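In case you want the letters, here they are:
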Amino acid sequence: MSDVILRATGLRKHFRTGGGMFARQSTVRAVDGVTLDVRRGETFAIVGESGCGKSTLARLLMRLLEPTDGRIDFDGRDISDLKGRDLRDLRREMQFIFQDPFSSLNPRMSVGRLVAEPLETHHPQMGREERREEVARLLGIVGLRPEHADRYPHEFSGGQRQRIGIARALASRPRLVIGDEPVSALDVSVQAQVVNLLHDLKAEFDMTLVIIAHDLAVIRHMSDRVAVMYLGQIVETGTTDDIFAHPRHPYTMALLSAIPEPVHGRARTRLALSGETPSPANPPSGCRFHTRCPFAREDCAQRVPELRPAGPGGQHAACHYWEEIAAERPDAGTPPAHERKPQAAARFALYEAAIDRLNDRPETAVNAGANDMTQQEEDRR
Amino acid sequence: MTTPLLAVEDLSFRFRGHDQDVVQNLSFALGRNETLCIVGESGCGKSVTALALMGLLPSDAVRFGGGRVTFDGDSYGIEDAGRIASMRGDRMAMIFQEPMTSLNPAFRIGDQIAEAVERHRRCGTEAARARALEMLRRVGIPAPEQRLDEYPHQLSGGMRQRVMIAMALANDPEVLIADEPTTALDVTVQAQILDLIAELQTETGMGTIMITHDLGVVAEIATNVAVMYAGQVVEYGSVQAIFDDPQHPYTIGLMSSVPSLTGPHRRLSTVPGTVPSIGQMPPGCRFSSRCPFAAPICAERPPLAPIGGADHQVACHFAPLETMQERRA
């Protein structure tokens, strides 16, 4: 068995827009030549700002969209042209978690039916009783309680709804799960719960996870390898540690330096980008980043950069001049860890210990909701 | 501290038909050139607080339980809608999270900015338009002469937010309230907008109230911070105090939930559970249902009004954390 579970080669997706009575027709090059490998068992992150094509790429990988060009292999098998029954069988192996827990669940279906639905599709041989038990088991796995099966989505908070979405994705026992911004609609404290849950589930079910996100801090936490996208193309890829310690592409550098860090009184030099992302309907010539790049040279507008090796650990960057830029910006990576004041550090340790004590219970069913919390409180007394 | 520019005392209000306050006993002071960050998660009451200060809550939907505002030496009650309306857009201005929905799609942006100027300064259309142009230039919009006659849909999100800022600042307000102004924007654009606000603040000396959920933004721009949970300020202090000496369990929980860009990989700490709905708030400390340290007294009795000095206040029976441990041991 090869250790690449998902491979995209020269993947393109172009959308035609306009062409009506008023607008001239144009072609949006949402994904424009993406090649990547996702390895078995890893968490692979695709990061970029709005309009970079990351969500389109995720949908292409899942075959939710037809690629305009290019090829996708899942587990060594070309899936670019699968149709009908074969495609449905593929969905059993590959599942999707959507960003918005509010619009991705049918409000008229009970949680039990929502979670049972993929079971009916993918495991039709399952009897009614068995399916009910399986739903209860899945709800338990994501930290909800069996009796939640009779309730409806509107009765749950955003974090709990995202758990329902995860239970649905897990129902067919997929080997690969693609999450499109799975935590970005959630508040930080709840986001942390879901990040931890995904981490645990991945280990427990031996899954491969592809995460689409715009939040680099979340990505650093969750992923093993990262691909950074800009205007439909991958501009840099490598292990998470490499990318954060020594980004090579100026766009990655700018992204990293733009994130405000929750640390008081540390001045960081910011690599400011002028302007905003150009339209993917009319991408700049040469290197697509050259219109905003603070290091752009004259020929960047003409020559198209290819991804090329940029470090020993498999890091690649699509920049003609990364060597010079990296030499100019030796401190482009994330700064050393911030030391908390001793009194604050002691309190954080106390807090974490208290949370660990709460979590130190069988099942992953911790932190599921206020109700469960009260339950736990009662149990403790 | 000298007399603050804007001081709010004991602001409490609830929505009609509810018997619990959505914002309870909120007090703060804001000086010239200072930035107060109100930080908290969705539903904590930070946005309605901003709307209340701007007099933008429909009077038939809210009941104020209290709230005295002192603005530049003048004191008035928060329910004095007429008073607030006369200052709104002039001495106090606000920018919103969604630049997409807070601009009128049917009017040219130049006209929208000019309208705010004409409304408060008795000046002619020409002068107002000139002011609009000047403001667009000041907020860094390229080719402002052309942009003046464009419609909001022709601008990107970042540009729209710049237009909102131009509109808010057109009358040189003394107080700017910004409700999550960068949440809908990409990080690289967020950085530009935060820099712009800071720059304009230095130029004009205005006081800024920034409402945000992002502790990174807080650390970067705040002078003082109010951490809100479920309608109550649980901790209030200078930005140093909040980051170097956080005392309330919620502040600490919130901070440890944020994934870090630096340091060793560790499992994220969380705040267990979710915020109870407003009808199910415990009568005591509202955080008690989620606090890993809660004692029986916490759910029953509200913590005595903020303990600690004026520059760092914590609403917790047992803060700081280490005291709590000792007492319970």
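In the annotation of an unreviewed UniProt entry, chain B is listed under the name Peptide ABC transporter ATP-binding protein and assigned to Profundibacterium mesophilum KAUST100406-0324. Within the UniProt record for chain B, the comment given under Subcellular location (unreviewed entry) is "Cell inner membrane".

The name an unreviewed UniProt entry assigns to chain A is Peptide ABC transporter ATP-binding protein, from the organism Profundibacterium mesophilum KAUST100406-0324. UniProt's Sequence similarities (unreviewed entry) comment on chain A is quoted here verbatim: "Belongs to the ABC transporter superfamily." Taken verbatim from the UniProt record of chain A, the Subcellular location (unreviewed entry) comment is "Cell inner membrane".

**Side note on the overall build of chain A**
When helices and strands are tallied, chain A shows 12 helices and 12 strands. Against the compact-globule benchmark of 21 Å for 381 residues, chain A has a radius of gyration of 23 Å, which places it among compact chains. Projecting the C-alpha coordinates of chain A onto the three principal axes gives extents of approximately 70 × 60 × 50 Å. Put simply, of all contacts in chain A between residues at least 6 apart along the chain, 65% involve residues at least 24 apart. Split by element, the accessible area of chain A, about 17100 Å² in all, is 48% carbon and sulfur. Taken as two groups, the 51 positive and 53 negative side-chain charges of chain A have centres that lie 3 Å from each other.

**Considering the domain arrangement of chain A**
All names here are of chain A. Taken as a whole, chain A is organised into domain 1 (4-223), domain 2 (230-328) and domain 3 (342-380). Measuring from the centre of the C-alpha atoms in domain 1 to the corresponding centre in domain 2 gives 28 Å. Taken residue by residue, the interface counts 17 residues in domain 1 and 17 residues in domain 2. When the two sides are added together, the surface that domain 1 and domain 2 hide from each other amounts to roughly 1400 Å², 60% of it contributed by carbon and sulfur. Our enumeration of links across domain 1 and domain 2 arrives at 1 salt bridge. We note a salt bridge from arginine 288 to aspartate 32, for which the minimum N-O separation is 2.5 Å. In this assembly, domain 1 and domain 2 are joined by 7 residue pairs in polar contact (both at pLDDT 80 or more). Broken down by secondary-structure element, the contributors of at least two residues to the side of domain 1 that touches domain 2 are β2 (26-39) and α7 (216-222). The leading source of residues in the side of domain 1 that touches domain 2 is β2, at 10 residues. Residue composition of the side of domain 1 that touches domain 2, grouped by class: 8 nonpolar, 5 polar and 4 charged.

**Some remarks on the packing of helix α4 (residues 109-120) of chain B against helix α5 (residues 125-138) of chain B**
The description of two helices packed together rests on the angle between their axes and the distance between the axes. All names here are of chain B. Between α4 and α5, whose axes approach to 8 Å, the crossing angle comes to 115 degrees. Considering how the two elements wind past one another, α4 and α5 form a crossing that is right-handed. Across the interface between the two elements, Ile109, Gly110, Asp111, Ile113, Ala114, Val117 and Glu118 of α4 pack against Thr125, Ala128, Arg129, Arg131, Ala132 and Leu136 of α5.

**Some words on the packing of aromatic side chains**
By the definition in use, this model includes 9 aromatic pairs over all chains. Relative to tyrosine 250 of chain B, the ring of tyrosine 229 of chain B lies with its centre 4.7 Å away and its plane at 55 degrees, an arrangement referred to as tilted. Of this pair, tyrosine 229 of chain B sits in strand β9 (residues 224-229) while tyrosine 250 of chain B sits in helix α11 (residues 249-257); the two residues are 21 residues apart in sequence, bridging distant segments of the chain. Like tyrosine 250 of chain B, tyrosine 229 of chain B is buried. Here a set of aromatic residues connected by ring pairs shows up, and it is made of Tyr230, Tyr251 and Phe289 of chain A. Cation over ring: arginine 340 of chain A sits above phenylalanine 348 of chain A, and NZ or CZ is 3.5 Å from the ring centre. We note arginine 91 of chain B situated over the ring of phenylalanine 71 of chain B; from NZ or CZ to the ring centre the distance is 4.8 Å.

**Overview of helix α6 (residues 188-205) of chain A**
All names here are of chain A. Spanning 18 residues, α6 covers 25 Å between terminal C-alpha atoms, matching the ideal 26 Å at 1.5 Å per step. With respect to burial, α6 is a largely interior element, 13 of its 18 residues being buried. After α6 finishes, the residue aspartate 206 shows a positive phi value of roughly 60 degrees.

**Quick word on the side chain of histidine 320 of chain A**
Residue and element names in this part refer to chain A. Relative to the elements of secondary structure, histidine 320 occurs in the loop between β12 (316-317) and α10 (322-328). Residue histidine 320 is classed as buried on the basis of its relative accessible area of 18%. Among the polar contacts listed, one links the side chain of histidine 320 to the backbone oxygen of arginine 303, at a separation of 2.9 Å. Discounting chain neighbours no more than four positions away, the residues touching histidine 320 are Arg303, Val304, Pro305 and Arg308.

**Here's the deal with the UniProt feature "domain: ABC transporter" (unreviewed entry) in chain B**
With numbering aligned to this structure, UniProt lists the feature "domain: ABC transporter" (unreviewed entry) at residues 6-255 of chain B. Annotated as residues 6-255 of chain B, this span is 40% helix and 26% strand, and its ends, taken at the C-alpha atoms, are 28 Å apart.

**Quick notes on the domain arrangement of chain B**
Residue and element names in this part refer to chain B. What the domain assignment lists for chain B is domain 1 (6-91 + 176-268) and domain 2 (103-170). On the domain 2 side, the residues contacting the 17 residues of domain 1 number 11 residues. Carbon and sulfur atoms make up 66% of the area that domain 1 and domain 2 hide from each other, which totals about 1100 Å². Summed over the three residues of domain 1 that lose the most area to domain 2, namely Ile193, Leu196 and Leu200, the buried surface amounts to 37% of that side. A salt bridge links glutamate 203 to arginine 138; its shortest N-O distance comes to 3.3 Å. Put simply, domain 1 and domain 2 have 4 residue pairs in polar contact (both at pLDDT 80 or more) between them. Those elements giving two or more residues to the side of domain 1 that touches domain 2 turn out to be α2 (81-87) and α8 (187-204).

**Notes on the sheet that holds strand β5 (residues 77-78) of chain A**
Residues and elements named next belong to chain A. A sheet is described by the order of its strands in space; here 4 strands give the open sequence β2-β1-β4-β5, paired in antiparallel fashion. Strands at the two margins of the open sheet, each flanked by one partner only, are β2 and β5. Here 11 bridges tie strand β1 (residues 4-17) to β2, and the two strands are oriented antiparallel to one another. The residue bridging arginine 16 from the neighbouring strand is threonine 27, located in β2. Of the strands in this sheet, β1, β2 and β4 (69-74) touch helix α1 (residues 54-61), which is tilted by about 120 degrees from β1.

Thresholds, definitions, all that
- Residues numbered from 1 in each chain as written.
- Chains lettered and ligands numbered in written order.
- Predicted model: local features only at pLDDT ≥ 70, side-chain atom pairs only at ≥ 80, totals over all residues.
- Heavy atoms only, no water.
- UniProt positions renumbered as here; feature names shortened; annotations may be inferred.
- Helix = DSSP H or I, 4+ residues; strand = E, 2+ residues; numbered from the N terminus.
- Rg over C-alpha atoms; globule rule 2.2 N^0.38 Å.
- Contact = heavy atoms within 4.5 Å.
- Areas by Shrake-Rupley, 256 points an atom, 1.4 Å probe, with all protein chains shown as cover.
- Lys, Arg positive; Asp, Glu negative; His and termini not counted.
- Charge placed at Lys NZ, Arg CZ, Asp CG, Glu CD.
- Domains from an automatic or database assignment.
- Buried area = accessible area lost by both parts, 1.4 Å probe.
- Salt bridge = Lys/Arg side-chain N within 4 Å of Asp/Glu carboxyl O.
- Polar contact = N/O pair within 3.5 Å; in protein donor to acceptor, adjacent residues only side chain to side chain.
- Nonpolar A, V, L, I, M, F, W, Y, C, P; charged D, E, K, R; others polar.
- Axes fitted to C-alpha atoms, helices over the stretch in contact; angles between N-to-C directions.
- Left-handed = near helix turned anticlockwise from the far one by under 90°.
- Phe/Tyr/Trp six-rings, centres within 6.5 Å; stacked < 30°, edge-to-face > 60°.
- Buried < 20%, exposed > 50% of the residue type's maximum accessible area, 1.4 Å probe, protein only.
- Lys NZ or Arg CZ within 6 Å of the ring centre and 35° of its normal.
- Expected span 1.5 Å × (residues − 1).
- Pairing = 2+ DSSP bridges.

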